[in-house]
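Tertiary structure, described
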Amino acid sequence: MDFIFIGLSLGCAGYLGKIIVDYLREVPAWKEKISTADMEIAHFTNQLQELNQEKESATAQGKTIDDDIKKMESMATDLKVEIEKTKKEMARKGKIIMRRQPDQQEG
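First things first, this report covers the structure right here in the doc. (Residues numbered from 1 in each chain as written. Predicted model: local features only at pLDDT ≥ 70, side-chain atom pairs only at ≥ 80, totals over all residues. Heavy atoms only, no water.)

**Examining the overall build of the protein**
Threshold: Helix numbers and strand numbers start at the N terminus; a helix is a DSSP run of H or I with at least 4 residues, a strand a run of E with at least 2. Categorising residues by exposure relies on relative accessible area from a 1.4 Å probe, with only protein chains included: less than 20% of the type maximum marks a residue as buried, more than 50% marks it as exposed, and the intermediate range marks it as partly exposed. Calculation of accessible area relied on Shrake-Rupley with a 1.4 Å probe; when residues are assessed, cover is drawn exclusively from the protein chains displayed.
Secondary structure summary: the protein contains 1 helix and 0 strands in total. Burial statistics for the protein: of 107 residues in total, 1% are counted as buried. In the structure as shown, the protein presents an accessible area of about 10,200 Å², 62% of it carried by carbon and sulfur atoms.

**Brief notes about the pattern of salt bridges**
The cut-off we apply is this: A pairing counts as a salt bridge when a side-chain nitrogen of Lys or Arg comes within 4 Å of a carboxyl oxygen of Asp or Glu.
In the structure shown here, the tally under the stated rule is 2 salt bridges. With a shortest N-O distance of 3.8 Å, D22 and K18 are connected by a salt bridge. In this pair, D22 and K18 both sit in helix α1 (residues 2–106), 4 residues apart, roughly one turn of the helix. By relative accessible area, D22 is classed as partly exposed at 31%. Among the ionic pairs, D22 bridges to R25, the shortest N-O distance being 3.6 Å. Here D22 pairs with R25, and both are found in helix α1, just 3 residues apart, close to one helical turn.

Laid out in C-alpha cells, this is it:
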C-alpha cells in the first residue's frame, strides 16, 4: 500500500514538474507577445491622435470655407442689388439725356 502512495506522489511530483517546465518555456513567448502588443498599442494610439488632429484641422478648414462661401453669397446679393440700382439710375439718366437732346436742338 505504501508503494501505491509513493508511486502516486512521484507521479504527481512529475506532473507538477512538467507543468512548471511548460510554464517556464511559455513565459518568454508571452513576454515577447506582450511587448509586441504594447508597441502596437502605442503605434496605433499615435496614429489615432494624428488622425484626430487631421480631422480637427479639416473641420476648421471646412468652417472657414463655409464662412467664405456665406460672405461671397452675401456679396453677390449685395452686388445684384447694386447692379439693379445702377441699371435704374442709368435708365433714369438715359431718359434725362434723351429729353435734353431734343431741347438743345430746338434752341
